[in-house]
Amino acid sequence: MYLTSRATPPGVPERTARGGSVPATVFALGSVSLLTDVSAEMVTAFLPVYLLYTLQLGYVQFGLLDGLYNGATAILRLVGGYVADRLRRPKLVAMVGYGGSALMKLAFPLAGGSAFGIGGILAADRAGKGLRTAPRDALISLATPSNRLGHAFGVHRAMDTFGALLGPLVTFWIMSELGTGSSPVFFVSFCFAALGFIVLAAFVRDGRRSGEPLPARNPVSLRACLGLLRERRLRRATIAAGLLGLATISDAFVFVVLQSTTAVPLSALPLLPLGTALVFLLGAIPLGRVADRIGRWPVFFGGHMLLLGLYALLLTSGGGYPILFAGLALHGLFYAATDGVLMAYAGPLVPEQLRASGLAVVQTGQAVARLISSSLFGVLLANLTKGTSVLITLCVFVVALSGAAALVRGRQA
């Protein structure tokens with residue numbers, strides 16, 4: 001990890017770290033995300049086994065809980081972005097979010113087998129993610145020259161994904177040694193999240209000298225934040241990303257269906273996120289650089305074409321490990337081409353004083369869409385076969401791709 005606490009004079013771009021290509025702030029925030037994602041992906045890897053096979057919840061309940069886990073951040077992303085811009089303290093808002101999520105890891109075992117209790121804790125845990133995501137991405141965007149945003153977000157997402165790679169491994173090791181009891185998994189998850197919070201507090205700055213007063217500026221108004229969607233390119237990008245999110249099967253369901261259709265052992269299910277994370281890790285930086293060169297929206301759209309290929313694989317029956325590995329490769333490349341690239345695309349569309357709020361608008365559109373998508377896919381699985389459910393989703397996804405292509409056209413930043 002490369003961390004720094006050096007001050008940078010006001011008005012001077014932060015010095016880049018190692019090779020002059022990516023600011024040190026990106027590496028510091030990447031370290032925070034690495035530790036936090038170990039924690040988060042431990043829980044993500046454990047939830048399908050815990051909810052479907054330990055607690056014996058149905059697909060509808062699982063879909064609602066999984067959608068809550070991924071979509072409960074929606075409104076709070078807007079709150080986090082607005083408060084960060086209003087106070088001009090993105091680090092402070094991010095600390096509240098990271099700290100809240102860390103504490104929730106200790107509350108999971110207290111819910112026992114109650115789906116209602118688990119849902120409440122999942123919502124609180126994801127509320128922390130909602131608060132921190134836009135301020136964190138705003139810190140990256142503001143610290144990085146615009147022509148290197150794809151690379152910077154690629155580096156951050158690669159570090160974040162290295163944590164995602166480790167998380168399922170830690171969960172798998174705990175389950176192998178201690179069984180499927182929930183307490184050890186959630187306690188170790190808390191420890192990693194707490195370490196991430198400490199790194200954030202100690203090494204990430206708001207981009208000004210210690211003790212230096214903030215420059216005079218009119219306060220950011222709620223009206224200005226709400227008016228961001230009047231900007232045509234940002235509005236179209238937000239709608240397009242939301243359309244694609246509405247037809248995106250959640251990760252947990254992808255892994256459940258992939259394990260079932262390929263007929264690999266159930267014991268491999270907690271390890272499937274590891275395959276996605278490994279490909280994401282390898283692809284994030286190269287695809288971020290490609291996005292800086294050829295345009296970020298074409299790379300983002302191309303990532304969704306890879307996801308279409310994954311859905312086609314989910315329609316196959318059998319195939320064993322070759323099909324499993326192919327599916328995980330497509331899933332990981334999809335994330336490498338879309339996750340940070342969308343933020344790199346949206347960042348320059350928003351004024352600096354509204355950067356966190358603008359990124360939150362785009363993120364919220366995706367989060368709401370994926371909450372709806374996960375819930376609906378759970379209903380489909382409860383009433384139809386897996387193949388039919390995936391086929392319906394694939395058809396909707398093709399329509400969403402057409403709509404997104406019509407909304408955002410051509411070579412764009």
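A few points on the structure. Being a predicted model, the structure only gives us computed values, none of them experimental.

What follows covers a nonpolar patch on the surface. Taken together, the side chains of Leu246, Val368, Ile372 and Leu376 present a nonpolar region at the surface, about 310 Å² in accessible area. Per-element accounting of the nonpolar patch gives the leading share, three residues, to helix α14 (residues 355-383). Checked against the element boundaries, isoleucine 372 lands in helix α14.

Right, let's get into unusual backbone geometry. Non-glycine residue arginine 88 carries a positive phi angle of around 55 degrees. For arginine 88, the location among the structural elements is in the loop between α3 (74-87) and α4 (90-104).

The next point concerns helix α9 (residues 232-246). Residues three or four positions apart in an α-helix share a direction because the helix packs 3.6 residues into each turn. Here α9 spans 21 Å end to end across 15 residues, near enough to the 21 Å set by a 1.5 Å rise per residue. When α9 is considered as a whole, its buried residues turn out to be Leu234, Ala237, Thr238, Ala240, Ala241, Gly242, Leu244 and Gly245. Tucked into the core, α9 has its buried residues touching α12 (296-314), α13 (320-346), α14 and α15 (386-407). In this structure glutamate 231 caps α9, since a side-chain oxygen of it lies 3.0 Å from the backbone nitrogen of arginine 233.

Taking 1.5 Å per residue as the helical rise, α4 with its 15 residues ought to reach 21 Å, and the 22 Å between its terminal C-alpha atoms agrees with that figure. Among all positions of α4, only Pro90, Lys91, Val93, Ala94, Gly97, Tyr98, Gly99, Ser101 and Ala102 are buried.

Between helix α11 (residues 272-294) and α13, whose axes approach to 7 Å, the crossing angle comes to 45 degrees. When the interaxial angle is binned, α11 and α13 end up oblique. Where α11 crosses over α13, the two elements pack in a sense that is right-handed. Contacts between α11 and α13 involve Leu272, Gly275, Thr276, Val279, Phe280, Gly283, Ala284, Leu287 and Ala291 from the former and Leu324, Leu328, Ala329, His331, Gly332, Leu333, Tyr335, Ala336, Ala337, Asp339 and Val341 from the latter. For the contact of α11 with α13, the per-class residue count stands at 14 nonpolar, five polar and one charged.

Scoring rules and cut-offs
- Residues numbered from 1 in each chain as written.
- Predicted model: local features only at pLDDT ≥ 70, side-chain atom pairs only at ≥ 80, totals over all residues.
- Heavy atoms only, no water.
- Patch = residues over 30% accessible without salt bridge, like charges linked within 9 Å, V, L, I, M, F, W, Y side chains within 5 Å.
- Areas by Shrake-Rupley, 256 points an atom, 1.4 Å probe, with all protein chains shown as cover.
- Salt bridge = Lys/Arg side-chain N within 4 Å of Asp/Glu carboxyl O.
- Helix = DSSP H or I, 4+ residues; strand = E, 2+ residues; numbered from the N terminus.
- Expected span 1.5 Å × (residues − 1).
- Buried < 20%, exposed > 50% of the residue type's maximum accessible area, 1.4 Å probe, protein only.
- Contact = heavy atoms within 4.5 Å.
- Polar contact = N/O pair within 3.5 Å; in protein donor to acceptor, adjacent residues only side chain to side chain.
- Axes fitted to C-alpha atoms, helices over the stretch in contact; angles between N-to-C directions.
- Parallel < 35°, antiparallel > 145°, perpendicular 65-115°, else oblique.
- Left-handed = near helix turned anticlockwise from the far one by under 90°.
- Nonpolar A, V, L, I, M, F, W, Y, C, P; charged D, E, K, R; others polar.

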